[in-house]
Amino acid sequence: MIVATVCGVAKGSVRGGLLLGLAVVVALAATGVWNPFPGLWDWVDRSEPISEPDVVWQVRVGGTPRSVTIAGDTVVVEQRTRVEARSLATGAQLWERKADWSAVAGGDRDPVVAVGKLLVKGYELLDPTTGVTRRRDDDAVAVWTYRNLLLDAHCTDATDCTLSAWDPRGTAPLWTAFLPGVSSGLLADNPGLRGTRRLTATRIDDRVAGPESVPPLLGFPVDGRVHVVDTATGRVLQNVEPDRDERLSVVGGRMLRIAARSQDGNCYFAISARDPATGQEAWTRAGVNLRTADSAGCVQREDPQGARNVLIGVGPDGREAVIDGYDGRLLWVGEPGTRLIAVDDRYALFRAADKRSVVARELGTDRVLWTRPASGKAGAALTPYAAVVADEKPSRLVAVDPRSGRELAVLRTPANALAVGPQGMIVGEGREIGYVRFGAIGAAPGVPPGSGGIPGPGGTGPAPEGDDNCGPKRELCDDPAGGKDG
C-alpha cells in the first residue's frame, strides 16, 4: 500500500511538472520573451534532399506548382490561387500576388509576368524581380505570351474583337488587327490556337522550355473558321472554313489542310500546304498520318504533332518521320522499331529499336550526334539550352548539351523537370522545388552567343539575330539581300 501510494504521488508530480513547464513556455512565447515553436516546427518539417547530388537550393512553396518558369534571374511559380517569384541564386521569395493564372513573356534579359483572374477581364504585367506593375490592362479577354511578343484580345461584343501585339516591355501596341469574335475557349493565358502539339514525357513538364519565339503566322479559330494572322504586321491573310473531313493547322508559315477519309475500315490522309498570302499550293503529301484523328470515323479532333516549324507523321510502313512545314521535305525518317520522343527545328531524339538507348540526330542530315543508354520507358524534351532525359529504375533526370551530348547535370531523383534556363534547371516533387546548376559555367551550352536561345527553322541551326519574324525561309522579309533558302 505504501509503495503504491508513493508511485501514484510520483506520477502525479511528473504530470503536474510537465503541465507547469508547458504553461511557462506558452506564457514566455505569448509575451515574446522566448518562442521555441518556430524552430521546433522547422525541425519537424525539415525536407529530405530532393535529389542526389544535392541541389543548390531547395524550398517548399505554399501549394503544388501548376507551372514554373525561369525568368531572367528569378523563378516564377504559378499555383492555384497565387503566383510568386523567387531568387534564382538563393531560392528566397521576392514577392507574392493573388492570381488565378500567370504566364511569362520576354527573353532572358527582358522578362515580364502576366497575371490575371479567371472570368475577369484584364491583366497586369509585373516585373519578375520586384513584382511592381509595369503595365495594366482592364479589358483584355485573352493573352498569348512569347519570348519576343505579347498578344492580347479585346472584344466589344461577341463578333467584334481586336488583336493587339506588344513588345513584352512596351507601352504602346506594335499593331492591331480585327477579328470577328473569338471562340468561348479563348480565355485567360495562352488559349489554344491552330498549330502543333508537342510530344510529352512523364516527369518532364510540358512548359519546361519556357516561352518560345512567336511563329511568323498564327491561326485563330473563330466560329468554325481559321483566321491566319501575320505576326510581323498584324495583317489577316486568310479566313478559311475547313471542309467536313478537313482539319486546318498553321505550321512553318503555311496553312495546312489535312484531309482524313474513311474507307475499308481505314483512315486515308492527305496534306495540302498553301501559302496564306497567295492561296497557292506549296506542297502536298498523301498517306502520312499526322495523328490528328481518332478511330471513330476518322474525325480529326487534334492538332498535328510537332514543334515550331516541323511536323511529325507516320508513313504507311509505320515508320515515323519529321516533315518541314514550309516545303514538305523529310528531315528525318526513323528505322523500323524506333520511337521519336522529342523534336524541335534542330534535332530529333528517339529511342533505338532495341529500347536500350536514346539517340540524337541533326535534322536534315544523316549524322548521329550522340547516343546514351536509356530504358524503353525513357522520355525526353528539347529546350534551347539543354536536352532533358527522364528515366526510371533507377529514377534519373539527365540534362545534356543537345549537340554534343555532354552531360550538364545528372541527378538520381524521383522529381520532375519543371523549367530549364541558360545555366541550370528547376526540379520539383509535390510542393518541393530546387535549383540545379549546370556543370558548365559561362554561355548557355549549345547556343551560340547572340542567338537568344531560339532554334532556327528547318533543322538548319540557330536563326540569325532578329530574324524570328521573317518566317522559316525568310519568306516574310522584304530585304532582298537576305534572299530565300532553297
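Basis of the calculations
- Residues numbered from 1 in each chain as written.
- Predicted model: local features only at pLDDT ≥ 70, side-chain atom pairs only at ≥ 80, totals over all residues.
- Heavy atoms only, no water.
- Disulfide = S-S within 2.5 Å.
- Buried < 20%, exposed > 50% of the residue type's maximum accessible area, 1.4 Å probe, protein only.
- Helix = DSSP H or I, 4+ residues; strand = E, 2+ residues; numbered from the N terminus.
- 1 Å grid on protein atoms, 1.4 Å probe; cavity = no way out; pocket = protein on both sides within 12 Å on 5 of 7 lines; lining within 4 Å.
- Points joined across faces, edges and corners; volume = space filled by probe spheres on them.
- Nonpolar A, V, L, I, M, F, W, Y, C, P; charged D, E, K, R; others polar.
- Salt bridge = Lys/Arg side-chain N within 4 Å of Asp/Glu carboxyl O.
- Pairing = 2+ DSSP bridges.
- Lys, Arg positive; Asp, Glu negative; His and termini not counted.
- Polar contact = N/O pair within 3.5 Å; in protein donor to acceptor, adjacent residues only side chain to side chain.
- Axes fitted to C-alpha atoms, helices over the stretch in contact; angles between N-to-C directions.
- Phe/Tyr/Trp six-rings, centres within 6.5 Å; stacked < 30°, edge-to-face > 60°.
- Lys NZ or Arg CZ within 6 Å of the ring centre and 35° of its normal.

In the nomenclature of an unreviewed UniProt entry, the protein chain corresponds to PQQ-like domain-containing protein from the organism Micromonospora coriariae.

(A) Quick look at the state of the cysteines. Summed over the entire model, instances satisfying the criterion amount to two disulfides. A sulfur-sulfur separation of 2.0 Å characterises the disulfide bridge that pairs Cys-155 with Cys-161. Note on the Cys-155 and Cys-161 pair: the S-S dihedral is about 105°, so by sign convention the disulfide is right-handed. Pair check on accessibility: Cys-155 and Cys-161 agree, each one buried. Disulfide pairing places Cys-267 opposite Cys-298 at an S-S distance of 1.8 Å. Given an S-S torsion of about -105°, the disulfide between Cys-267 and Cys-298 has left-handed geometry. Taken together, the positions of Cys-267 in strand E20 (residues 266-274) and Cys-298 in the loop between strand E21 (281-286) and strand E22 (306-307) put the pair 31 residues apart, joining distant regions of the chain.

(B) Quick peek at empty space enclosed by the protein. Considering all chains together, one arrives at two cavities of 30 Å³ or more under this definition. In this structure, the largest cavity encloses a volume near 140 Å³. Together, 20 residues line the largest cavity, and Ile-70, Asp-108, Ala-209, Pro-211 and Val-420 are the ones closest to its centre. Mapped onto the lining of the largest cavity, the elements with two or more residues apiece are strand E2 (67-71) and strand E34 (416-420). No other element matches E2, which puts four residues into the lining of the largest cavity. Its residues placed into classes, the lining of the largest cavity shows eleven nonpolar, six polar and three charged.

(C) View of the pattern of salt bridges. In the structure shown here, the tally under the stated rule is 25 salt bridges. Between Arg-197 and Glu-302 there is a salt bridge; the shortest N-O distance is 3.8 Å. Placement of Arg-197 in the loop between strand E14 (188-189) and strand E15 (217-222) and of Glu-302 in the loop between E21 and E22 is noted, with a sequence separation of 105 residues between them. Relative accessible area serves as the criterion here: at 41%, Glu-302 is assigned to the partly exposed category. In this structure, Asp-344 and Arg-346 form a salt bridge, with 2.9 Å as the shortest nitrogen-oxygen distance. Note on Asp-344: relative accessible area 3%, which makes it buried. Since its relative accessible area comes to 5%, Arg-346 is described here as buried. Residues joined in a network through salt bridges with shared partners are Arg-97, Glu-124 and Arg-136.

(D) Broad picture of unusual backbone geometry. With an omega of 0°, the peptide bond running from Glu-52 to Pro-53 counts as cis. Within the secondary structure, Pro-53 sits in the loop between helix H2 (37-44) and strand E1 (57-60). Lys-393 connects to Pro-394 through a cis peptide bond whose omega is 0°. The residue Pro-394 is located in the loop between strand E31 (387-391) and strand E32 (396-400) in this model. Residues other than glycine seldom take positive phi values, yet Asp-223 does so here, at roughly 50°. Checked against the element boundaries, Asp-223 lands in the loop between E15 and strand E16 (225-230). Given the relative accessible area of 62%, Asp-223 is considered exposed. Of note in the backbone geometry, Lys-393 takes a positive phi value of approximately 55° without being a glycine. Here Lys-393 lies in the loop between E31 and E32.

(E) Region of interest: the pairing of strand E5 (residues 93-98). Bridge analysis of strand E4 (residues 82-87) against E5 gives five bridges, and the strand direction is antiparallel. Note that in E5 the partner of Arg-86 across the bridge is Gln-93. Where E4 folds back onto E5 in an antiparallel hairpin, the turn is made up of five residues, including Gly-91, whose phi is positive at roughly 85°.

(F) Examining the side chain of Asp-230 more closely. If you trace the backbone, Asp-230 turns up in strand E16. Arg-235 is the oppositely charged side chain nearest to the buried, salt-bridge-free Asp-230, at an N-O distance of 4.9 Å. Engagement of the side chain of Asp-230 in a polar contact is seen with the backbone nitrogen of Ala-232, the distance being 2.8 Å.

(G) Quick peek at the sheet that holds E16. Across the sheet, which stays open at both edges, the three strands sit in the order E15-E16-E17 with antiparallel pairing between neighbours. Either end of the sheet is taken by a strand with one partner, and the two such strands are E15 and strand E17 (236-240). Pairs of neighbouring strands in the sheet enclose a mean axial angle of 20°, with direction left out of account. Where E15 meets E16, six bridges bridge the pair, whose relative direction is antiparallel. Residue Val-222 lies in a different strand from E16, and its bridge partner there is Arg-225.

(H) Quick look at the packing of aromatic side chains. Within the structure shown, the criterion is met by three aromatic pairs. Seen in terms of ring centroids, Trp-332 and Phe-350 are 5.2 Å apart; in terms of plane orientation they differ by 35°. Their pairing is tilted. With Trp-332 in strand E25 (residues 330-333) and Phe-350 in strand E27 (residues 347-351), the pair connects residues that are 18 residues apart, well separated along the chain. For Arg-135, the ring lying beneath its charged end belongs to Trp-166, and the centroid distance is 3.6 Å.

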